[in-house]
Amino acid sequence: MKRNGLFALIALSLAGIGAAQAQDYSNWYIAPRVGAVIPDSDRETDTSLFTGIGIGFWSTPNFAVDFEVTHNNADFEKKSLRNGHEFENTGLGFAGRYFFGDAGSSWRPYAMGGLGFLRHAAISGSQLSASRANGWDPMVTVGGGVQHGFSDRLAFRAEIAARYDRDNNSRQYYTNEHKTGFVDAIASVALLVNFGGEAAPPPAKTIENPPVAQAQKSCRDLDDDNDGVNNCDDRCPSTEAGVQVGPDGCPIKVTIDLRGVNFKFDRPKKGEKSIAPTLQEPTADSIAILDQAVDVLKRNPQAHVEVAGHTDSVGTDEYNQGLSERRARDRV
């Protein structure tokens, strides 16, 4: 296969492409193409102008299908028996292109594969019968390229492909040498014009977790348990109404230690209801402890009070349990 001029053509096709905005197609588009066919060396033809047009459809954001019509006229080489004449190819086929990257990206590489038919025709075939030199044969095309979006309506493609043409008559009738199948290289550029609907707007962004500052601002305005402490700072959000709470929203816990205010030994007895006869004679220290307890209760009228009674280690556990309960119960 001849490859002279292939890389120069690729460079030329990419030249002059500047910065552009990302593109997002919708549905149908047309794609006129122009480039060059670098023929299989066994064809004995020169590199020729390649033209075509495609009608394409985006089946997904990453896959497009084109129906394409292509054409090229090639001059035979000087060394060929057909020097001075031309050879024509007309192609009909479908091509699928898979695009890599996000649909909104400005540059997107892709891989291409296609199937179709090529019609071969000898022009000015005075030496040969046109009916013997002409005909349709299947073709397979594979290649790749890159697409660049100018806007949501226009894009540019640069593509290189290899085309297998199962031509089994042209060479035989031109040179009397039988050969089936040729592989040509095609380098082309295309301009895509989208004529579908407007490009879909990007999906709205959602914030699953609002910023911490916003969440704190809203909860500082709420006090679900009506204890005077906002929800942000309330560590006990289910406090009952009327219970005195601290800055953290939790009930105030008051501990009153009556150590030094003692019962007489083994008192109260069962059936004793009054606490005064059961206590030891008050001292200055015990009176000060009781005065302090009264002051704490006056300053915390909503406080919940738990009373615990204790005994010494004399007696059985069962007896002492009953004695401690009597000391704590109904002592007013």
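Everything numeric in this text was worked out from a predicted model, so none of it was measured.

*Asks:* Even after reading the chapter, I still don't get helix 5 (residues 284-299), so can you show me in this structure?
*Replies:* Residues separated by three or four positions in an α-helix point in the same direction, a consequence of the helix having 3.6 residues per turn. Helix length check: helix 5 (16 residues) gives 23 Å between terminal C-alpha atoms against 22 Å at 1.5 Å per residue, within 8%. Among the residues of helix 5, those classed as buried are S286, I289, A293 and V296. Axial view of helix 5: buried residues confined to an arc of 85 degrees, hence all on one face. In this structure, helix 5 carries A284, D291, K298 and R299 as exposed residues pointing more than 90 degrees from its buried face.

*Asks:* I keep staring at the side chain of E68 and nothing clicks. Help me out?
*Replies:* The residue E68 is located in strand 3 (residues 63-75) in this model. Here the side chain of E68 touches R97 through a polar contact of 3.1 Å, side chain to side chain. The contacts of E68, once residues within four sequence positions are left out, are R33, I53, G54, G91, L92, G93, A95 and R97.

*Asks:* Any chance you could explain the pattern of salt bridges here in plain terms?
*Replies:* If the charged atoms of two oppositely charged side chains come close together, the side chains can form a pair. Inspection of the entire model under this criterion finds 7 salt bridges. Linking R33 and E159 is a salt bridge whose minimum nitrogen-to-oxygen distance equals 3.4 Å. Here R33 is found in strand 1 (residues 28-38), whereas its partner E159 is found in strand 7 (residues 154-165), with 126 residues between them in sequence. Relative accessible area serves as the criterion here: at 5%, E159 is assigned to the buried category. One salt bridge in this structure joins R97 and D66, with 3.6 Å as the shortest N-O distance. Linking R97 in strand 4 (residues 86-99) with D66 in strand 3, this pair joins segments that are 31 residues apart in sequence. One exposure class covers both R97 and D66, and it is buried.

What counts and how
Residues numbered from 1 in each chain as written. Predicted model: local features only at pLDDT ≥ 70, side-chain atom pairs only at ≥ 80, totals over all residues. Heavy atoms only, no water. Helix = DSSP H or I, 4+ residues; strand = E, 2+ residues; numbered from the N terminus. Expected span 1.5 Å × (residues − 1). Buried < 20%, exposed > 50% of the residue type's maximum accessible area, 1.4 Å probe, protein only. Arc of directions from axis to C-beta. Polar contact = N/O pair within 3.5 Å; in protein donor to acceptor, adjacent residues only side chain to side chain. Contact = heavy atoms within 4.5 Å. Salt bridge = Lys/Arg side-chain N within 4 Å of Asp/Glu carboxyl O.

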